[in-house]
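Here's the letter readout for the chains.
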Amino acid sequence: MEAGLSVDVENGDDADLNNDEMQQEESTVQEGQESNKDDPLNCNGVKWSVVSNVSEDTCVQPCYRATILWDNNTEEEKRTVLDYFKLSFPMQIIDNIVEWTSQAMPPGKRGISSATILKLFGYLLALTRTTSRRKNLFSECDGLFPVPRIGTRKIDRKLKGVGTELKDAADAESEVIIQIEIQEGKEEMNKKEYMDVYKKASTSQVLRLTKPWHGAGRAVYADSAFASVTTAIACRQKGLHFTGLVKTARTKFPKKFLDSWEYKELRDSVTLVAQHDGCPLIAHGWGDKVRKNFISTRSVTLDGRPSDKRRWREMLDADGNEVGCTEAYVKHVKRSKLVEQYFDSASVIDINNHVR
C-alpha cells in the first residue's frame, strides 16, 4: 500500500455543514452550466481537454515508512495490548478527563476516577471485537453504561443512528488514525482555520487535518465529502497532492462530460487534463458498474494492478448442468493506476470504522 494520507468521515450526526455546502455548490453549478451549455469541457473558467493517458506521476513519495517509536526497550514479544494503548494515548490527559467529567456530573452523583476512565476505554475497545449484538452489552438499569446516557441519533444520510461526528486522517501505510477533528456545529466550524480564505468547510477541514504535513509532498486520498477541484488546488498550494472521488462538488469539474462518455467496455476509463491557478489537474472517469469520477493532481492513468474479488459460482457437470454445490473463484477487476491507488489508500478509514 502506498504511503500517504487518507481523509474521510467517521460516523456522525452533524450533517448541516455538508448539506448547506452542497446546495451552495449546486446553485453555482447551475449558473455555470447556463453560460457553458454548448461546451461541457469549459467548466466555470476551467478548460479541460481529453488525453489518451497520463503516463508520468508528478508526486515523488518520501522513501520511508511509518514506524512505532517506543520509549523503553521492552522486547517486542513481551509487549501487551495495554503497552500499545499507552503508547498511542496521551496518558497525561487522564487526570484532566477525570476533573472535567466529575465537574459535569449531576448534583449528588459521585465523581469518577482514572480507573473508571480506563475501564470505559477497555469496554469500548472490547466492543470493536465482540461478535454479539452491542446493545446486549449495555445495562438497561443504572449501571456503568445505562442506555439513556449512551443514546444514538438518526440523520437522513446515515443508515442507522450514530453518535458524535468525527472527521479524521489516517496513514495509508500503517492504517493508523493520526488526526481527528470533532464536528462542533455549523457556527463553530465556520470559525475554524482556513474558512476565512476558502469559504468551503470540506476544503478547510482537509487542510486542517493535513496541516502537520504541509510542504511534505504527501498524497491525500479523500472521499466524496471532501473531493472537489477547489480542495485539490488548495492541497497543491500547500505542498500536498490530492486524489478524490467526485459526486456532488462539480464546480469546475467536467462531470457532465464524464457522465455522458460512452465507454468501450466495462471498467474502461477516460482521462482529461487542465491547468488552473498554476495547478495541473486530472479528471478521470472509470466505467465500473456504477460510474466513478475522480479529481487528482498526481498519479498515472495507465493500467494498474487488478483488484482481486473472491466470488462463488455453481459447479457444473460435463453437460453443463448444476450439481448442487458451489466453488470459490477469484475475479480480476480491471482498473487504472489512479483508481488502484485511491481505493488502496482511501479504504483505510473504512477499515477503522468497521473495527470500531
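Residues numbered from 1 in each chain as written. Predicted model: local features only at pLDDT ≥ 70, side-chain atom pairs only at ≥ 80, totals over all residues. Heavy atoms only, no water.

Caption draft 1: Focus on the pattern of salt bridges. Enumeration according to the criterion identifies 14 salt bridges in this entry. Residue Lys-334 is joined to Glu-265 by a salt bridge in which the shortest nitrogen-to-oxygen separation is 3.0 Å. Within this pair, whereas Lys-334 is found in the loop between strand S13 (322-333) and helix H11 (337-355), its partner Glu-265 is found in the loop between helix H10 (255-260) and strand S9 (269-276), the two being separated by 69 residues in sequence. The class of Lys-334 is partly exposed, set by a relative accessible area of 33%. The partner of Arg-305 in a salt bridge is Asp-344, and the shortest N-O contact between them spans 2.6 Å. (Salt bridge = Lys/Arg side-chain N within 4 Å of Asp/Glu carboxyl O. Helix = DSSP H or I, 4+ residues; strand = E, 2+ residues; numbered from the N terminus. Buried < 20%, exposed > 50% of the residue type's maximum accessible area, 1.4 Å probe, protein only.)

Caption draft 2: Examining the environment of Gly-278 more closely. The residue Gly-278 is located in the loop between S9 and strand S10 (279-286) in this model. On the basis of relative accessibility, which here comes to 71%, the residue Gly-278 falls in the exposed class. As for Gly-278 and Ile-233, which are separated by 45 residues in sequence, their C-alpha atoms are 8.7 Å apart.

Caption draft 3: Quick look at the nonpolar core. Core analysis: the largest hydrophobic core is formed by 31 residues, its most contacted members being Trp-48, Phe-242, Phe-253, Leu-258, Leu-272, Leu-281 and Ile-295. Breaking this core down by element, the ones donating at least two residues are helix H8 (201-209), strand S7 (219-222), helix H9 (229-237), strand S8 (241-246), H10, S9 and S10. Of all the elements, H9 adds the most residues to this core, at 5 residues. Setting aside anything within four residues of it in sequence, one finds Leu-272 in contact with Leu-41, Trp-48, Ser-49, Val-50, Pro-254, Phe-257, Leu-258, Leu-281, Ile-282 and Ala-283. One finds Ala-219, Tyr-221, Trp-286 and Phe-294 within the second-largest nonpolar core, a separate group that totals 13 residues. (Core = buried A, V, L, I, M, F, W, Y, C linked by side-chain atoms within 4.5 Å. Contact = heavy atoms within 4.5 Å.)

Caption draft 4: Region of interest: the packing of aromatic side chains. For the structure shown, the criterion picks out 6 aromatic pairs. Where Trp-48 meets Phe-253, the ring centres are 6.4 Å apart and the plane angle is 75°; that geometry is what we call edge-to-face. Here Trp-48, found in the loop between strand S3 (46-47) and strand S4 (49-51), pairs with Phe-253, found in the loop between S8 and H10; they are 205 residues apart in sequence, far enough to count as distant. Of the two residues, Trp-48 and Phe-253, both sit in the buried class. Their ring planes at 90° and their centres at 6.1 Å tell us that Phe-294 and Phe-343 sit as a pair that is edge-to-face. Taken together, the positions of Phe-294 in strand S11 (residues 292-296) and Phe-343 in helix H11 put the pair 49 residues apart, joining distant regions of the chain. We classify Phe-343 as partly exposed; its relative accessible area is 29%. (Phe/Tyr/Trp six-rings, centres within 6.5 Å; stacked < 30°, edge-to-face > 60°.)

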